[in-house]
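Breakdown of the fold
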Amino acid sequence: MAQIKVKGKMQRIAVINQNRVVAKAVRYSTVKQDELTSYAAQSSHIPESTLRACTLAMREAISYFVLNGHHVDLGKFGILGIRSSQKAATDAEQVNANLVKRVSIGFTPSKEIKDAIAAMRIETEV
């Protein structure tokens, strides 16, 4: 079962203008792409060079499709796609690119990931 640890950190809460202890998840290191590829190669018994080539090809494909307006279904992980926020126009003739205020990458986790998060055990770090 997955688990995370939380610890208390004193911080100012602006809305009530007071200091309070807030529980924050302990952040571990960032796993680099080489470490991820090495781990996956060992787990799958696929040569690391082959897996690295596949990883680069998948990353390129995901970038291509997402940056061309598609959503990419990553299976049990979730869906990745472009999100935007834009101003409204009073009629269709006023619609143009200037109405787009922001474009970002959005991620929607799969049901499996959502269920795993819901079942995650949370421990307090002392």
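Summarised in this report is the structure supplied together with it. Just so you know, these numbers come straight off a predicted model, no measurement behind them.

Attention shifts here to the environment of K111. For K111, the position within the fold is in helix α3 (residues 111–118). When its relative accessible area of 58% is taken as the criterion, K111 is described as exposed. Through-space distance from the C-alpha of K111 to that of I13 is 33 Å; in sequence the pair is 98 residues apart.

On to the sheet that holds strand β4 (residues 78–86), then. Strand order in the open sheet made by the three strands is β3-β4-β5, with antiparallel pairing throughout. Of all strands in the sheet, those with a lone pairing partner are β3 (72–73) and β5 (100–109), marking the two edges. In this structure, β4 lies alongside β5, joined through nine bridges in antiparallel fashion. Residue pairing for β5: I82 is matched across the bridge by I105. Packed on one face of the sheet, helix α2 (residues 48–67) meets β3, β4 and β5 and runs near 35 degrees to β4.

Attention shifts here to the pattern of salt bridges. When the charged atoms of two side chains with opposite charge come close together, those side chains can pair. If you walk through the whole model with that rule in mind, you get four salt bridges. Two residues, D34 and R52, come together in a salt bridge whose shortest N-O distance is 2.8 Å. Residue D34 is located in helix α1 (residues 33–44), and its partner R52 is located in helix α2; the two are separated by 18 residues in the primary sequence. The class for D34 is partly exposed, based on a relative accessible area of 43%. Note that R121 and E123 form a salt bridge whose closest N and O atoms lie 2.5 Å from each other. For E123, a relative accessible area of 28% gives the class partly exposed. Overlapping salt bridges bring together D34, E48 and R52 as one network.

Scoring rules and cut-offs
Along each chain, residue indices are assigned from 1 in the same order as the chain's sequence is written. Note on the predicted model: pLDDT of at least 70 is required for a residue's local features to be given, and 80 or more for side-chain atom pairs to be given and counted; whole-chain, interface and lining totals, by contrast, use all residues. Working from all heavy atoms in the structure, the side-chain values ignore hydrogens and water. Runs of H or I in DSSP of at least four residues are treated as helices and runs of E of at least two as strands, each being numbered from the N terminus. A simple rule labels every residue: compare its accessible area, found with a 1.4 Å probe on the protein chains alone, to the largest value its type can have, and call it buried under 20%, exposed over 50%, or partly exposed in between. For two strands to be treated as a pair, DSSP must find at least two bridges joining them. Any two residues having at least one pair of non-hydrogen atoms within 4.5 Å are treated as being in contact. Lines fitted to the C-alpha atoms define the axes, with helices restricted to the stretch that makes contact. Angles between their N-to-C directions range from 0 to 180 degrees. The working definition used for a salt bridge is a side-chain nitrogen of Lys or Arg within 4 Å of a carboxyl oxygen of Asp or Glu.

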